[in-house]
Amino acid sequence: MTYQPSADRYKNMQYRRCGKSGIKLPAVSLGLWHNFGHVDVTENYRKILHLAFDSGITHFDLANNYGPPPGSAEENFGRILKEDFRGYRDEMIISSKAGYTMWDGPYGDWGSKKYLVSSLDQSLTRMGLDYVDIFYHHRPDPETPLEETMGALDLIVRQGKALYAGISNYPAEEADKAIAILKKLGTPCLIHQPKYSMFERWVEDGLLDVLEKDGVGCIPFSPLAQGLLTNKYLHGIPEDSRAAKSTGFLQKDQVTDQRISQVRRLNDIAIKRGQTLAQMALAWLLKDHRVTSVLIGASRPEQLADSLKCLDNIQFSADELTKIEEILK
Ligand SMILES: NC(=O)c1ccc[n+]([C@@H]2O[C@H](COP(=O)([O-])OP(=O)(O)OC[C@H]3O[C@@H](n4cnc5c(N)ncnc54)[C@H](OP(=O)(O)O)[C@@H]3O)[C@@H](O)[C@H]2O)c1
């Protein structure tokens, strides 16, 4: 049956302004790092995309290397765009990135102008798009001058192959420099994509302040710590989990006894708040106005439906925050 998007899709989502730009992003965005590759089941990820769009998720995040194999998430997303979402491109913010190893030789990795420009051309072909909305440099490159990498983002935007430029995984000081270069070039940095969750808090030591000062949005990735901050691992490592899969990036040895004990205590607080742990972990990030959107993953539609309900309560009492800090210490 042909997919028909829900007429109510904009009813329940909240949209937040991305830094000081003209763009608003949904408070919850969907990432296609895992679960959308050629190793995954088409009908499952098709349902996830339908539910996302029907729930007001307008932002879909990809990268050249998402799969496995690398590139396959963009191919699959492009196919479903064409089959199911024809006519809805203007309601979507689609992002891609380059910065990690993508092809052999010296031009398929890191941050040269050569790599970024060719990689985006490949991504556009895979997705069947004329442009992406946001193109990111995926990680800082210690060898390429920042001026060259930011110059490549500026060029790409001027060519109309991306509407906005973003950076990911840049520490505070380097982010500040990159943002200043982009500003000078006349292509303001729209957004920064750092790893940020209850279990990963480096952004609080300066990066969030830099982004606020510079008027740049922030979209935390892996806000559920790849599933650790959900009820998934409360009683061991289930077979259908990222930690159990050979293609998953969460390693079994990251599911430590200490983590599980923290997760159980956090879960008790979530239950008292009338939330699942996933919902509380996302709400905890969204309580900060500097966070534009949380960039989640989902391996099935039910998870997405669960996570989306975080928006029902993003307020925390002082007592709840203190108790959470004690657990995270
Ligand atoms: N810029 C970067 O360097 C970078 C790096 C990583 C990710 N990202 C982006 O961030 C996105 C999200 O990353 P992520 O997938 O690690 O995010 P995440 O939201 O922290 O983890 C998603 C995983 O958690 C589990 N899960 C999600 N919701 C659940 C729920 N309600 N209940 C129980 N389990 C639940 C699922 O794992 P199971 O498979 O175990 O079911 C799901 O695949 C990526 O897709 C990508 O777009 C960017």
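Residues numbered from 1 in each chain as written. Predicted model: local features only at pLDDT ≥ 70, side-chain atom pairs only at ≥ 80, totals over all residues.

Within the protein, the secondary structure is distributed over 10 helices and 10 strands. For a compact globule of 329 residues, the expected C-alpha radius of gyration is about 20 Å, and the protein comes in at 19 Å, within 12% of that figure. Structurally, the protein occupies a C-alpha span of about 50 × 50 × 40 Å along its principal axes. Partitioning the intrachain contacts of the protein with sequence separation of at least 6 by distance along the chain shows that 76% fall at a separation of at least 24. (Helix = DSSP H or I, 4+ residues; strand = E, 2+ residues; numbered from the N terminus. Rg over C-alpha atoms; globule rule 2.2 N^0.38 Å. Contact = placed C-beta atoms within 7 Å.)

Turning to the packing of helix α2 (residues 72–84) against helix α3 (residues 113–127), a few remarks are in order. Taken N-terminus to C-terminus, the directions of α2 and α3 make an angle of 45 degrees; their axes are 7 Å apart at the nearest point. Here α2 lies oblique to α3, going by the angle between them. Judged by residue contacts, E74, E75, F77, G78 and L81 of α2 engage S123, R126 and M127 from α3. Looking at the contact of α2 with α3 residue by residue, the class counts come to 3 nonpolar, 2 polar and 3 charged. (Axes fitted to C-alpha atoms, helices over the stretch in contact; angles between N-to-C directions. Parallel < 35°, antiparallel > 145°, perpendicular 65-115°, else oblique. Nonpolar A, V, L, I, M, F, W, Y, C, P; charged D, E, K, R; others polar.)

Before going further, it helps to spend a moment on the sheet that holds strand β9 (residues 217–218). With parallel pairing, 8 strands are arranged side by side in an open sheet as β9-β8-β7-β6-β5-β4-β3-β10. Because the sheet does not close on itself, it has two edges, and the strands there are β9 and β10 (294–296). One ladder, built from 5 bridges, connects strand β6 (residues 132–137) with strand β7 (residues 162–168); its direction is parallel. The residue bridging Y136 from the neighbouring strand is G166, located in β7. (Pairing = 2+ DSSP bridges.)

We now examine the pairing of strand β5 (residues 93–98). Within β5, 6 of the 6 residues are buried, which leaves the element mostly enclosed by the surrounding structure. The pairing of strand β4 (residues 59–61) with β5 spans 3 bridges and is classified as parallel. Its bridge partner being in β5, F60 is matched across the sheet by I94. Handedness of the β4-α2-β5 crossover: right-handed. For the crossover from β5 across α3 to β6, the handedness is right-handed. (Buried ≥ 20, exposed ≤ 12 C-beta atoms within 10 Å, placed from the backbone. Right-handed = clockwise from strand over helix to strand, strands pointing away.)

What follows is about the site of the ligand. Near the ligand there are 30 residues, and of these G31, W33, F221, G227 and G297 occur at the shortest range. At the level of elements, β10 and α9 (301–308) are the ones that each hand at least two residues to the shell around the ligand. Along the lines of polarity and charge, the residues of the shell around the ligand split into 10 nonpolar, 16 polar and 4 charged. (Near = placed C-beta within 6 Å.)

Relative orientation of the contacting elements helix α7 (residues 257–272) and helix α8 (residues 277–286) amounts to 85 degrees, with a least axis distance of 9 Å. One way to sum up the angle between α7 and α8 is to call them roughly perpendicular. Across the interface between the two elements, V263, L266, N267, I269 and A270 from α7 touch L277, Q279 and M280 from α8. Its residues assigned to classes, the contact of α7 with α8 shows 6 nonpolar, 2 polar and no charged.

Right, let's talk about the pairing of strand β8 (residues 189–193) for a bit. Across the 5 residues of β8, 5 count as buried, placing the element largely inside the fold. Pairing of β7 with β8 involves 4 bridges; the strand directions are parallel. Bridge pairing in β8 places S168 opposite Q193. One crossover worth recording links β7 to the parallel β8 by way of helix α5 (residues 172–185), and it is right-handed. Where β8 and β9 come together, 2 bridges link them in parallel fashion. When the bridges of β9 are listed, H192 appears paired with C218. Taken together, β8, helix α6 (residues 207–214) and β9 form a β-α-β motif whose crossover is right-handed.

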